[in-house]
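Per-entry structural report
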Amino acid sequence: MNRDERMAWFREAKFGMFIHWGLYAIPAGMWKGKMIPGIGEWIMHRARIPVKEYEQLAKHFNPVKFNAEEWVQIAKDAGMKYMVITAKHHDGFCMFDTKLTDYNIVKATPFKRDPMKELAEACQKHGIKFGFYYSQTLDWHHPDGMGNDWDYDPAKKDFAKYIREYVKPQLRELLTNYGPIAIIWFDIGTPTPELARELREFVLSIQPQTLINGRIGHGLGDYREMGDNKIPDHVVEGDWETPATINDTWGYKSYDHNWKDPGVLVQKLVDIVSKGGNYLLNVGPTAEGEIPQPSVERLKKVGEWLRVNGESIYGAKPSPIGIPTWGRCTAKEGKLYLHLFAWPWDGRLEVEGIKGEVKRAYFLAEPDRTVEVKKEGDKLVLTNLPPKPIDQYDTVVVLEMEG
Ligand code: H79
């Protein structure tokens, strides 16, 4: 399989669901009656919770409302084409069945089920690509993992041993027991070049089609990973992804209600696609196993927009006109998609930088409704836009180009 073949689905997909789910959903941002600032899944680190104490959470993890089919349906209804979920986050708790430690959801919790298995199967059934987030460097539970200096002496850690005797066998489980794995999503803290190369070769020796994200480090990823919640301000060549969250935390926090509006989410998706990237949008399910309703409602609205306007997103590329003031522009063979974020009050929109002849122009939401386009010098002018936008988030005008 060559690189283009391996990347093909990713280039088409554009929009994925990221899920941060683990023991941190129980404290949900509170520890011993105090609000712990920062991202919810970092609570163990931020509050310096001893391993022995944090471990007790497992006994209380019983997400009886978890339903894999429902989660996959939420992703599907949002127009998302892939899903990446935390198999193991920095806290070291394994959300999958593993022989390497008893500190896992099947052995240590009253729940006893393997939700990763159920999700993998539901994704397979519904045609959603499925991938695992796996914290390869930070592990605050494992004595040889990085990051925990309140229980373990950093000087005594054998990191290579942790990678070779723990991380690799766990990756083998994840790549053997859950069907086709679309992505192994590594996070911050890059191993040495040797260990990183070893990890990459190991993953590909089990599933050669699996993509590895950029945070494996040393340029060894199949695509670039932007910083958390970072959208570049210009077109970026090559394959890349922005991981970002729907509020201000990744793992569930009971008091984070700062949900992004659907219009903001649509415009971020369009912005990212117009610059050449994918949007991996995170939700943080509760300890009961539910994706918070405010997230579900917002994702549903993004999905409604995509059902009408998806042609301008899936498989779309940046356009030659860069970043206009009135919105964004995406492109496919023979077509330009003008995404109007700001509606022109006078019904006129001047578009700069488009070369070639326009054969036909129309609204993607109403393909029978022609938009009049004329040339003024080297500008294109759309002249008969209605007084109000057709879509409150983003009205898309399609320009069919000659040649
Ligand atoms: O999984 C999500 C985050 O938990 C993870 N990446 C996304 C996808 C991530 N790992 N590290 N970081 C994000 C950067 C963390 C920065 C901080 Fe802190 C955590 C700032 C405050 C708490 C560590 C402690 C760095 C400064 C103080």
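Because the structure is a prediction, the values reported are computed rather than measured.

Once that is clear, we can look at the sheet that holds strand 13 (residues 335–340). Read from one edge to the other, the open sheet built from six strands follows the order 11-12-13-19-15-16, with strand pairing classed as antiparallel. The sheet is open, and its two borders are formed by strand 11 (317–318) and strand 16 (366–370), each paired with just one other strand. Looking at chain direction, strand 13 and strand 19 (residues 395–401) are connected through six bridges and run antiparallel. Bridged to leucine 336 within strand 19 is leucine 399.

We now examine the packing of aromatic side chains. Evaluated as defined, the whole model comprises 21 aromatic pairs. On the basis of an interplanar angle of 85 degrees and a centroid distance of 5.8 Å, the ring pair of tryptophan 9 and phenylalanine 10 is categorised as edge-to-face. For the ring pair phenylalanine 18 and tryptophan 185, a centre distance of 4.8 Å and an interplane angle of 50 degrees mean the geometry is tilted. Note that phenylalanine 18 is positioned in strand 1 (residues 15–19) and tryptophan 185 in strand 6 (residues 183–186), a separation of 167 residues in sequence. Like phenylalanine 18, the residue tryptophan 185 is buried in the burial classification. Counting every residue linked through ring pairs, the aromatic cluster contains Trp21, Phe61, Phe66, Trp71 and Phe111.

Pairing of strand 15 (residues 358–363) with strand 16 involves two bridges; the strand directions are antiparallel. The partner of phenylalanine 363 across the bridge, within strand 16, is glutamate 366.

Along the chain, threonine 101 falls in the loop between strand 4 (82–88) and helix 5 (105–108). Accessibility expressed as a relative area gives 15% for threonine 101, which makes it buried. A distance of 3.0 Å separates a polar side-chain atom of threonine 101 from the backbone nitrogen of tyrosine 103. In contact with threonine 101, not counting residues within four places along its chain, are Cys94, Tyr166 and Gln170.

Below, the discussion takes up the domain arrangement of the protein chain. Accessible area lost on assembly of the parts is the figure often given for the size of an interface. The assigned domain composition of the protein chain is domain 1 (3–312) and domain 2 (327–401). With 15 residues of domain 1 at the contact, the number on the domain 2 side is 14 residues. Taken as a group, Gln267, Glu311 and Ser312 account for 40% of the area that domain 1 buries against domain 2, more than any other trio of residues on that side. At the boundary of domain 1 and domain 2, one finds two salt bridges.

Quick look at the site of the ligand now. Taken together, 15 residues lie near the ligand, and His20, Glu41, His89, Asp187 and Asp228 sit nearest. For the ligand, an oxygen atom lies 3.1 Å from a polar atom in the side chain of tryptophan 42. Contacts to the ligand include aspartate 187, whose side-chain N or O atom sits 2.9 Å from a nitrogen atom. When grouped by side-chain class, the residues that make up the shell around the ligand number six nonpolar, four polar and five charged.

What counts as what
Residues numbered from 1 in each chain as written. Predicted model: local features only at pLDDT ≥ 70, side-chain atom pairs only at ≥ 80, totals over all residues. Heavy atoms only, no water. Pairing = 2+ DSSP bridges. Helix = DSSP H or I, 4+ residues; strand = E, 2+ residues; numbered from the N terminus. Phe/Tyr/Trp six-rings, centres within 6.5 Å; stacked < 30°, edge-to-face > 60°. Buried < 20%, exposed > 50% of the residue type's maximum accessible area, 1.4 Å probe, protein only. Polar contact = N/O pair within 3.5 Å; in protein donor to acceptor, adjacent residues only side chain to side chain. Contact = heavy atoms within 4.5 Å. Domains from an automatic or database assignment. Buried area = accessible area lost by both parts, 1.4 Å probe. Salt bridge = Lys/Arg side-chain N within 4 Å of Asp/Glu carboxyl O. Near = heavy atom within 4 Å. Nonpolar A, V, L, I, M, F, W, Y, C, P; charged D, E, K, R; others polar.

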